[in-house]
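Chain residues, written in single-letter form:
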Amino acid sequence: MTAPSGSAVADLLGLVALGELLAFERMAGDARLAPDLRRRAALGEMAVAEITNYRRLADRLTALGVPPEAAMEPYVEALQAYHDSTEPRDWAEAVTKAYVGDAITDDFLREIAGALDEPDRQLVRDVLHESRYAEFAAAEIRLAIEADPRVAHRLSMWARRLVGEALSQAGRVAAADRGALTALVAQGERLDVQVLFRQLTAAHTARMATAGLNN
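Residues numbered from 1 in each chain as written. Predicted model: local features only at pLDDT ≥ 70, side-chain atom pairs only at ≥ 80, totals over all residues. Heavy atoms only, no water.

(A) Fine view of the overall build of the protein chain. Helix and strand counts for the protein chain stand at 10 helices and 0 strands. For the protein chain, the succession of helices and strands along the chain, N to C, is α-α-α-α-α-α-α-α-α-α. For the protein chain, the proportion of its 215 residues judged to be buried stands at 48%. When the accessible area of the protein chain is evaluated, it comes to approximately 10,400 Å², of which 57% is carbon and sulfur surface. (Helix = DSSP H or I, 4+ residues; strand = E, 2+ residues; numbered from the N terminus. Buried < 20%, exposed > 50% of the residue type's maximum accessible area, 1.4 Å probe, protein only. Areas by Shrake-Rupley, 256 points an atom, 1.4 Å probe, with all protein chains shown as cover.)

Written as structure tokens, this is what we have:
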């Protein structure tokens, strides 16, 4: 497999950096939906981790000679449209969005990162959402369902909508891409698209079951 171009690396780092920046903004805002101060503080701490991740990516882009804002700009409209169309109404929807929507995107980006050389491959994998956030979100979903079993149906429907919007987001990102990122995906000889789709679907199904949601 040939080494990815510098443009492809910058495009992927820019896409991930923007995702981290928007995740920070969203978590800081969603913290206001938390039912108590413990949960509010927990989400605030996770927001800090997101902005720390963004800084690592921005520093790497700068080291590559690419202004972070230039690398992120092509994807702003697509990613912002996703978040604007999936604004949670309450705490349960907020944690479900983080657990389902963010995770399937992270799974996809983690696989694409396999086409990068080091240290960029490990950097992308390092900054994608860590397991403690997924565990926190899943626990909150289960608690909401235990408190009111009827919530499971509403959150399952919400999760399906999130996945649909995430797929639409992927289409918008592809349309916004300048070509280098698409080439990076295509050159990943290890990346069989059909196999990847099955893996993403299986991981999503398992994730839903773990949280007590219906696929």
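There is more to say after this.
(B) Representation of the side chain of Asp 107 within the structure. Here Asp 107 shows up in helix H5 (residues 91–112). For Asp 107, a relative accessible area of 14% gives the class buried. At a separation of 3.1 Å, a polar atom in the side chain of Asp 107 contacts the side chain of Arg 110. (Polar contact = N/O pair within 3.5 Å; in protein donor to acceptor, adjacent residues only side chain to side chain.)

(C) Representation of the pattern of salt bridges within the structure. Tallied over the entire structure, the rule returns 14 salt bridges. Measuring nitrogen to oxygen at the nearest pair gives 3.7 Å for the salt bridge that ties Asp 126 to Arg 56. With Asp 126 in helix H6 (residues 120–127) and Arg 56 in helix H2 (residues 37–63), this pair connects stretches of sequence that are 70 residues apart. According to the relative accessible area criterion, Asp 126 is partly exposed, its value standing at 38%. The partner of Glu 118 in a salt bridge is Arg 121, with the nearest N and O atoms 3.5 Å apart. A residue is classified by how much of its surface remains accessible, and Arg 121, at 23% relative accessible area, is partly exposed. A single network of salt bridges, built from pairs that share partners, joins Arg 89, Asp 90, Glu 93 and Arg 154. (Salt bridge = Lys/Arg side-chain N within 4 Å of Asp/Glu carboxyl O.)

(D) How the structure looks around the environment of Leu 167. If you trace the backbone, Leu 167 turns up in helix H8 (residues 151–176). A relative accessible area of 54% places Leu 167 in the exposed class. Separated by 63 residues in the primary sequence, Leu 167 and Ile 104 have C-alpha atoms spaced 9.6 Å apart.

(E) Structural view of the packing of aromatic side chains. Tallying each qualifying case throughout the model produces 1 aromatic pair. Centroid distance Trp 91 to Phe 136: 6.3 Å. Interplanar angle 80°. Geometry classified as edge-to-face. Separated by 45 residues along the polypeptide, Trp 91 in helix H5 and Phe 136 in helix H7 (residues 131–147) bring together distant segments of the chain. (Phe/Tyr/Trp six-rings, centres within 6.5 Å; stacked < 30°, edge-to-face > 60°.)

(F) Broad picture of the environment of Thr 86. Considering the arrangement of structural elements, one finds Thr 86 in the loop between helix H4 (76–85) and H5. Between the C-alpha atom of Thr 86 and that of Trp 158, which follows or precedes it by 72 residues, the distance is 9.1 Å. Residues in contact with Thr 86, not counting those within four places in the same chain, are Lys 97, Trp 158, Arg 161, Leu 162 and Glu 165. A distance of 2.7 Å separates the side chain of Thr 86 from the backbone oxygen of Tyr 82, its partner in a polar contact. (Contact = heavy atoms within 4.5 Å.)

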